[in-house]
Amino acid sequence: MTARQQPKNLWISRWGFILAATGSAVGLGNIWKFPYITGEYGGGAFVLVYLACILAVGVPVMMAEIAFGRRGRGSPIEAIANLAREAGASPLWKVFGWIAMLAGFMILSFYVVVAGWSFSYLWKMASGALSGHSVAELGAIFEAGNANPWALGGWATLVTVVTMLIVGRGVQEGVEKSVRWMMPGMVIMLLIMIGYALTSGNFSAGFHFLFDFDVTRLSSEGVLAALGHAFFTLSLASGAILTYGSYLPSGTSIARTTFTVAIADTLVALMAGLAIFPIIFANGMDPSSGPGLIFMSLPVAFNQMPFGQLFGVLFFAMLSIAALTSAISMIEATVAWLSENRNMSRTKASWLAGSVLWLVAMFAMLSFNLGADWTLAGKHFFDWLDYLTSRWMMPIGGIAMALLAGFVFKSSMLRDELNLSDAGYRLWLFMIRYVSPVCILAIFVDVLGVAEL
Ligand code: PFF
Ligand code: NA
């Protein structure tokens, strides 16, 4: 018996992995969330801390996860169990595979609701339903859409079905083939949007807002938000990257692919900021209007601009595609686990996972309407899903991945897998052993309210 298993699935090309992993990373986190938290926490200084978090925590942990996937060849649960066996450690470590898989599933169950907003705005933009309204009226439109469970649920259902149809077709035929045209399409739309912001928006105000450095505007809360967002934006500790890594052919450089994905994700976030803020500023709107930035302020701004409807359609098409390529990665771990370990066909696994996911998503969707009063400790189910995953499960999973990679698994195993130069390996080991865990621990200190940073 060899410890290394033969993979059942592999990407057709190295680009298959890079496109799929970039598709996973680039999503609502980049285009919807990053701009509004940057607005909230004060622009340039926040962006700088965020970049530091990507480098110090995101990159080392992503390298570890891809190495786990490729060495362990399986879903997060199976891969971690295999690695523990190879290292002579307890098989119980696989509990962190469970946490990661569950985190991906839980994130997806509220992500499809937000993605549903994007799909519905694509439709509303195209049909002209958003034309000629003030911010207040657009706020009312947004709220009316949420208040109607049939509308909100219908859009979330559409996203769920499309996601499961892609995933159900398999790693090569479904995931790889779809990202091959969705990712280039998304990038082209983003470039067009930036060109539009450059020519029709207040580009310099947007640029200064994103890149001017003013430490006084940075709070400890902002630092922790940057750290938490680094995990979310790179799809870490949620099974997605690890499972995609399990389909990576042995010869590919993990360090190089990780940097490619992290740089692409960062560029898209910054470019999304450069597409959105100039339009916001050119129309005299407030950059820090929270989640409503994209669904209230931006449509109003489009209304006031030349060819606004056309570019509005383009923007929401881009957002919807970005959301979809992330959604498929979040359920991949579960589908891989069901089909590899529970002996189900890929199609059956997708339908089963998709049905359960849909039920949870519908429950999350009700937080905005029928279940407006169903709160626990002041939080709706939708908020609980977000809170539990981003504040607890991803950090716990992230620390576990770092400690497993740094201390539990034999260093020869991962050294082999990462195939770095001596200096590169030592740097990675130092980051994954000390820097990443300490930074992640800071999230807990914040969650538990033990100390103020
Ligand atoms: N990285 C995605 C984004 O920035 O929108 C979100 C995400 C995808 C989180 C996949 C977790 C995951 F497994
Ligand atoms: Na992202």
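The model shown is predicted, which means the values in this text are computed figures rather than measured ones. (Residues numbered from 1 in each chain as written. Chains lettered and ligands numbered in written order. Predicted model: local features only at pLDDT ≥ 70, side-chain atom pairs only at ≥ 80, totals over all residues.)

Examining the overall build of the protein
If you tally the helices and strands in the protein, you get 18 helices and zero strands. Against the compact-globule benchmark of 22 Å for 453 residues, the protein has a radius of gyration of 21 Å, which places it among compact chains. Expressed along its principal axes, the backbone C-alpha trace of the protein runs to roughly 70 × 50 × 45 Å. Evaluated residue by residue, the protein yields a buried proportion of 54% over its 453 residues. The contacts in the protein between residues at least 6 apart in sequence include a share of 84% that link residues at least 24 apart. (Helix = DSSP H or I, 4+ residues; strand = E, 2+ residues; numbered from the N terminus. Rg over C-alpha atoms; globule rule 2.2 N^0.38 Å. Buried ≥ 20, exposed ≤ 12 C-beta atoms within 10 Å, placed from the backbone. Contact = placed C-beta atoms within 7 Å.)

Quick look at the site of ligand 1
By nearness alone, 16 residues border ligand 1, and G27, G29, S235, S238 and A240 come closest of all. Residue assignment for the shell around ligand 1 shows that the elements contributing at least two residues are α1 (14-25), α2 (28-41), α5 (95-127), α10 (220-233) and α14 (308-341). Taken together, the residues of the shell around ligand 1 sort by class into six nonpolar, ten polar and no charged. (Near = placed C-beta within 6 Å. Nonpolar A, V, L, I, M, F, W, Y, C, P; charged D, E, K, R; others polar.)

So, the nonpolar core
Core analysis: the largest hydrophobic core is formed by 160 residues, its most contacted members being Y111, V113, A115, M193, M318 and A327. The element best represented in this core is α5, accounting for 20 residues. Sequence-distant contacts of V113, that is, excluding residues within four places in its chain, are made with L152, A156, A361, A364, M365 and F382. (Core = buried A, V, L, I, M, F, W, Y, C linked by C-beta atoms within 7 Å.)

What about α5?
Its 33 residues give α5 an end-to-end C-alpha distance of 48 Å, which sits within 8% of 48 Å, the value for a rise of 1.5 Å per residue. At F110, α5 shows its maximal kink, close to 30°. The element α5 is largely enclosed, with a buried count of 27 among its 33 residues. (Expected span 1.5 Å × (residues − 1). Bend = angle between axes of the 7 residues up to and from the residue.)

Describing the packing of helix α7 (residues 149-168) against α14
The geometry of α7 relative to α14 is characterised by a closest axis approach of 9 Å and an angle of 60° between their N-to-C directions. Relative to α14, the element α7 lies oblique. Handedness of the α7/α14 crossing: right-handed. Residues V159, V162, T163, I166 and V167 of α7 lie in contact with α14, whose contacting residues are L324, A327, I328, I331, E332 and V335. (Axes fitted to C-alpha atoms, helices over the stretch in contact; angles between N-to-C directions. Parallel < 35°, antiparallel > 145°, perpendicular 65-115°, else oblique. Left-handed = near helix turned anticlockwise from the far one by under 90°.)

Things to note about the packing of α14 against helix α15 (residues 346-365)
Contact pair α14 / α15: the axes reach a minimum separation of 9 Å and the direction vectors enclose 130°. In terms of their interaxial angle, α14 and α15 are classed as oblique. Once α14 is placed against α15, the crossing between them reads as right-handed. Between α14, through I331, T334, V335, L338 and S339, and α15, the contact on the second element is made entirely by R346, A349, S350, L352, A353 and L357. The residue inventory of the contact of α14 with α15, partitioned by class, reads seven nonpolar, three polar and one charged.

A word on α7
End to end, α7 covers 27 Å across 20 residues, agreeing with the expected 28 Å (1.5 Å per residue, within 8%). What α7 keeps buried is the set L152, W155, A156, V159, T160, T163, M164, I166, V167 and G168. In this fold, the buried residues of α7 make contact with α5, α6 (135-147), α8 (171-200), α14 and α15. Just past α7, the residue G170 takes up positive phi, approximately 105°.

Observations regarding the environment of I192
Structurally, I192 is set in helix α8. Judged by the 15 C-beta atoms lying within 10 Å of it, I192 falls in the partly exposed class. Along the backbone, I192 and A405 are 213 residues apart, and their C-alpha atoms lie at a distance of 41 Å.

Details of the environment of G292
Assignment of secondary structure puts G292 in helix α13 (residues 292-303). Its 15 C-beta neighbours within 10 Å are what place G292 among the partly exposed residues. On a C-alpha basis, the gap between G292 and I188 in space is 25 Å, while along the polypeptide they are 104 residues apart. Apart from residues no more than four positions distant in its own chain, G292 is found in contact with G139 and S297.

Here's the deal with the confidence of the model for the protein
Predicted confidence across the protein gives a mean pLDDT of 91, with 96% of residues reaching 70 or more. Interface predicted TM-score (ipTM) for the complex: 0.98; the corresponding pTM is 0.93. (pLDDT = per-residue confidence, 0-100.)

As for unusual backbone geometry
Backbone geometry at A237 places phi at a positive 50°, although glycine is not the residue there. One can find A237 in the loop between α10 and α11 (240-245). Taking the C-beta count within 10 Å as the criterion, A237 has 30 such neighbours and is therefore assigned buried.

A short note on the environment of L102
The residue L102 is located in helix α5 in this model. We classify L102 as partly exposed; it has 19 C-beta atoms within 10 Å. Spatially, the C-alpha atoms of L102 and S339 are 16 Å apart, while their sequence positions differ by 237 residues.

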